[in-house]
Amino acid sequence: VRMRIMQDNALRTTITLTRTAQQALLGIATAEVNLGSSLEPGTYWYDVWLTDADSNLSRIYPACAFVVLQSSNP
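Predicted, not measured: the structure shown is a model, and the values here were computed from it. (Residues numbered from 1 in each chain as written. Predicted model: local features only at pLDDT ≥ 70, side-chain atom pairs only at ≥ 80, totals over all residues. Heavy atoms only, no water.)

Novice: So what's going on with the overall build of the protein? Which residues, and what values?
Specialist: The number of helices and strands found in the protein is one helix and four strands. Seen in sequence order, the protein has helices and strands lined up from the N terminus as β-β-α-β-β. Looking at the protein as a whole, 19% of its 74 residues are labelled buried. Restricting the contact set of the protein to residue pairs at least 6 apart, pairs at least 24 apart contribute 43%. Surface accessibility of the protein: about 5600 Å² in total, with carbon and sulfur atoms responsible for 49%. (Helix = DSSP H or I, 4+ residues; strand = E, 2+ residues; numbered from the N terminus. Buried < 20%, exposed > 50% of the residue type's maximum accessible area, 1.4 Å probe, protein only. Contact = heavy atoms within 4.5 Å. Areas by Shrake-Rupley, 256 points an atom, 1.4 Å probe, with all protein chains shown as cover.)

Novice: Any details on the sheet that holds strand β4 (residues 57-68)? Residues and values, ideally.
Specialist: Ordered in space as β2-β1-β3-β4, the four strands form an open sheet in which the pairing is antiparallel. A single partner strand is all that each edge strand has here, and the edge strands are β2 (10-16) and β4. Taken pair by pair, the neighbouring strands of this sheet meet at an average axis angle of 20°, ignoring direction. (Pairing = 2+ DSSP bridges. Axes fitted to C-alpha atoms, helices over the stretch in contact; angles between N-to-C directions.)

Novice: Before we move on, can you summarise the pairing of β2 with the specific residues and values?
Specialist: Regular strands place their side chains on alternate faces of the sheet. The pairing of strand β1 (residues 2-7) with β2 spans six bridges and is classified as antiparallel. Residue Gln7 lies in a different strand from β2, and its bridge partner there is Ala10. In this structure, the hairpin formed by β1 and β2 is closed by a connection of two residues, where Asp8 is found at a positive phi of approximately 50°.

Novice: Please provide a residue-by-residue account of the pattern of salt bridges, values included.
Specialist: Per the stated rule, a full pass over the model turns up two salt bridges. Among the ionic pairs, Arg4 bridges to Asp47, the shortest N-O distance being 2.7 Å. Of this pair, Arg4 sits in strand β1 while Asp47 sits in strand β3 (residues 42-51), and the two are 43 residues apart along the sequence. In this structure Arg4 comes out as partly exposed when scored by relative accessible area, which is 28%. With relative accessibility at 1%, the residue Asp47 sits in the buried group. Asp47 serves as the salt-bridge partner of Arg59, at 3.3 Å between the closest nitrogen and oxygen. (Salt bridge = Lys/Arg side-chain N within 4 Å of Asp/Glu carboxyl O.)

Below, the structure written as structure tokens:
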């Protein structure tokens, strides 16, 4: 199971989820997301895809937006 993070239709990163495919099919999946300073301020999108044993791709979580704000820390 993989989570994609995109901006303006361009893939920024792909994160592998840490739960098994069986757990993901039951609606349980976790991901360690540590973007640090790798993303500039702006609107990004993420979605989640499952690749089955036959290499078929299925989107199991629709694209959703999140916003990265300008940091006030130096």
